[in-house]
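Here is how the chains run, residue by residue.
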Amino acid sequence: MTSRPPLTALHLLPYLAKWTAIAALVALASGSASALFLWALEHATATHVSYPWLIWLLPVAGALVSWAYLKVGKQVEAGNNLLIDEIHDPRKVVPLRMAPLVLVATVISHLFGASVGREGTAVQMGGSLADQLTHLFRLRHEERRIVLMAGIAAGFASVFGTPLAGAIFALEVLAIGRLRYDAILPCMLAAILADQVGMAWGIQHSHYAAGALAPISMWSLLAVLVAGLVFGLVALLFASSTHALTALLKRWLPYAPLRAAVGGIVLALAVAALGQRYIGLGIPVMLEAFQHPLPWWDSLGKLVFTVVSLGSGYKGGEVTPLFFIGATLGNALAPLLHLPFGMLAALGFVAVFAGAANTPLASTIMAIELFGPQIGPFAALACVMAYLCSGHSGIYRAQTVAVHKHRVGPPEA
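These numbers come from a predicted model, not from an experiment.

Undergrad: Hey, could you go over the overall build of the protein chain for me, with residue numbers and the actual values?
TA: Within the protein chain, the secondary structure is distributed over 17 helices and two strands. The C-alpha atoms of the protein chain give 21 Å as radius of gyration, which agrees with the globular expectation for 413 residues (22 Å, within 12%). Expressed as lengths along the three principal axes of its C-alpha atoms, the size of the protein chain is roughly 70 × 55 × 50 Å. Considering the protein chain as a whole, with its 413 residues, one finds that 56% of them fall into the buried category. In the protein chain, the share of contacts with a sequence separation of at least 24, taken over all contacts with a separation of at least 6, comes to 79%. Within the protein chain, one finds 23 positive and 17 negative side-chain charges whose respective centroids are separated by 8 Å.

Undergrad: Give me the lowdown on the packing of helix α10 (residues 218-252) against helix α15 (residues 341-357), citing residues and values where you can.
TA: Axes are the key here: two packed helices are described by the angle between their axes and the distance separating the axes. Axis separation between α10 and α15 bottoms out at 8 Å; the angle between their running directions is 45 degrees. Viewed along their axes, α10 and α15 adopt a mutual orientation that is oblique. Remark: the crossing between α10 and α15 carries right-handed chirality. Here Val224, Ala227, Phe231 and Ala235 of α10 come into contact with α15, specifically with Met343, Leu344, Leu347, Gly348, Ala351, Val352, Gly355 and Ala356. Each residue belonging to the contact of α10 with α15 can be placed in one class, and the counts come to 10 nonpolar, two polar and no charged.

Undergrad: So what's going on with helix α5 (residues 119-131)? Residues and values would help.
TA: The end-to-end C-alpha distance of α5, which contains 13 residues, comes to 18 Å, matching closely the 18 Å that a straight helix rising 1.5 Å per residue would cover. Inspection of α5 places Glu119, Gly120, Thr121, Ala122, Val123, Gln124, Met125, Gly126, Gly127, Ser128, Ala130 and Asp131 among the buried residues, and these make up the whole buried set.

Undergrad: Can you explain the side chain of Glu318? Please cite residues and give values.
TA: Residue position: Glu318 is located in the loop between α13 (298-311) and α14 (319-337). This buried residue, Glu318, is left without a salt bridge; Arg397 holds the nearest opposite charge, at 9.4 Å. Those residues in contact with Glu318 that sit more than four places away from it in its chain are Glu119, Phe238, Leu310, Ile395 and Tyr396.

Undergrad: Explain unusual backbone geometry to me, using residue names and the numbers behind them.
TA: Residues other than glycine seldom take positive phi values, yet His338 does so here, at roughly 55 degrees. Mapping His338 onto the fold places it in the loop between α14 and α15.

Undergrad: Help me get a handle on the environment of Ile22, residues and values and all.
TA: Within the element layout of this structure, Ile22 appears in helix α1 (residues 9-50). Its relative accessible area of 1% is what places Ile22 among the buried residues. For Ile22 and Leu133, which are 111 residues apart along the polypeptide, the C-alpha to C-alpha distance reads 7.7 Å. Those residues within four positions of Ile22 in sequence are excluded, and the remaining contacts are Leu133, Phe137, Leu139 and Val147.

Undergrad: Requested: an account of the pattern of salt bridges, with residues and values cited.
TA: The full count for this structure, using the stated rule, is 10 salt bridges. Between Lys18 and Glu143 there is a salt bridge whose closest N-O contact spans 2.5 Å. Here Lys18 is found in helix α1, whereas its partner Glu143 is found in helix α7 (residues 141-160), with 125 residues between them in sequence. Take Lys18: its relative accessible area is 26%, and that puts it in the partly exposed class. Measuring nitrogen to oxygen at the nearest pair gives 3.7 Å for the salt bridge that ties Glu143 to Arg140. In this structure, a network of salt bridges that share partners links the residues Glu142, Arg145, Arg180 and Asp182.

Undergrad: Account for the nonpolar core, with residues named and values stated.
TA: Generally speaking, nonpolar side chains in soluble globular proteins are found buried as a group. Core analysis: the biggest nonpolar cluster contains 133 residues, and Val26, Phe231, Leu347, Phe349 and Phe371 have the highest contact counts within it. With 13 residues, α15 is the largest single contributor of residues to this core. Here Leu347 is in contact with Val224, Phe231, Ile375, Phe378, Ala379 and Ala382, once residues within four sequence places are set aside.

Undergrad: Describe the state of the cysteines, and please don't skip the residues or the numbers.
TA: Scanning the model with the defined rule gives zero disulfides in all. Cys389 takes part in no disulfide bond, and the closest cysteine sulfur, belonging to Cys383, lies 12 Å away.

Undergrad: How would you explain the side chain of Thr134 if you had to name every residue and give the values?
TA: Counting through the fold element by element, Thr134 comes out in helix α6 (residues 133-136). Engagement of the side chain of Thr134 in a polar contact is seen with the side chain of Asp131, the distance being 2.8 Å.

Conventions used here
- Residues numbered from 1 in each chain as written.
- Predicted model: local features only at pLDDT ≥ 70, side-chain atom pairs only at ≥ 80, totals over all residues.
- Heavy atoms only, no water.
- Helix = DSSP H or I, 4+ residues; strand = E, 2+ residues; numbered from the N terminus.
- Rg over C-alpha atoms; globule rule 2.2 N^0.38 Å.
- Buried < 20%, exposed > 50% of the residue type's maximum accessible area, 1.4 Å probe, protein only.
- Contact = heavy atoms within 4.5 Å.
- Lys, Arg positive; Asp, Glu negative; His and termini not counted.
- Charge placed at Lys NZ, Arg CZ, Asp CG, Glu CD.
- Axes fitted to C-alpha atoms, helices over the stretch in contact; angles between N-to-C directions.
- Parallel < 35°, antiparallel > 145°, perpendicular 65-115°, else oblique.
- Left-handed = near helix turned anticlockwise from the far one by under 90°.
- Nonpolar A, V, L, I, M, F, W, Y, C, P; charged D, E, K, R; others polar.
- Expected span 1.5 Å × (residues − 1).
- Salt bridge = Lys/Arg side-chain N within 4 Å of Asp/Glu carboxyl O.
- Core = buried A, V, L, I, M, F, W, Y, C linked by side-chain atoms within 4.5 Å.
- Disulfide = S-S within 2.5 Å.
- Polar contact = N/O pair within 3.5 Å; in protein donor to acceptor, adjacent residues only side chain to side chain.

As structure tokens, this is what we get:
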């Protein structure tokens, strides 16, 4: 172990001043962008509820958005994966056009009835806006990695109202089994401040009540482990299905606007047959999952609608649909495992996301921020179990494997 001269507070001052300023700017930009996005999303959702016939225009809207990306958005079409790739291997500043493009595309997706989320949009806006500081502060490659991570943290935190989870998510999502501690201060500052900026703009986040929790016992811990296994397998199914359908449609329908149009037609026909329950964010259904029993097929319905939407190229993100899938799946498992509905809905809410994104720590912290500290031990078990059972591929293709989740077989010689 090499010895280094001790750092003093004086040596740290330039570092602290620089990254505090950068984090504050990232938070201001990302928090404001998320506030605008959430405001627009609320109005788009309300408009669709008032005019459900808009679903029949989804194929046209999707085709137009895909055409726009072909013309002016090819460089940013990879979305979250582009940001992760740039952090792994910094090459060039993410184009600023990513932010308005993904904002408008996501609002259109929700206005016309696609089943997509919102985290992808907030993260992409945060990352692209943050990266514009690269030239202003003359950041080196290694510093640019950090500013991109701060943008991801700020976007995630401000769109969900979970600043600690947002910061840890940015540190954890890049590589399975490894955290980037060199970015911990900028990510923490940017996430906390971005959340405050969003609230200053008047943004209100959805509140979920887990209700009474089971006491910690051998049975409750075992039941949570079993539930975590199911959550992980469903996360694996979601991620693999989304990737498979995306690849299949790209092979069968190479022209992106045609893929979106065909997917939109399928979704519109499905809504005509099954109703509006599985489109959009699905927050009303998620709230129901914490209160009373729901049909067991709700999680499957949302999974299929979301896989078709994302596979066809509609913009938005995967995380909120994963919350829906997890909450309704937990609701269905509750009577089988003899645990309260609200408790298992809360665990499913975060654990399916943990398995699909390979972020068990961020998901555990999110559970504590959303549902209170008492759920922490159960959430940790459910999220870790889901993470272990979801395989090494997730919703983000650019995510690398730094440390394998588990090693099966005889030890190496």
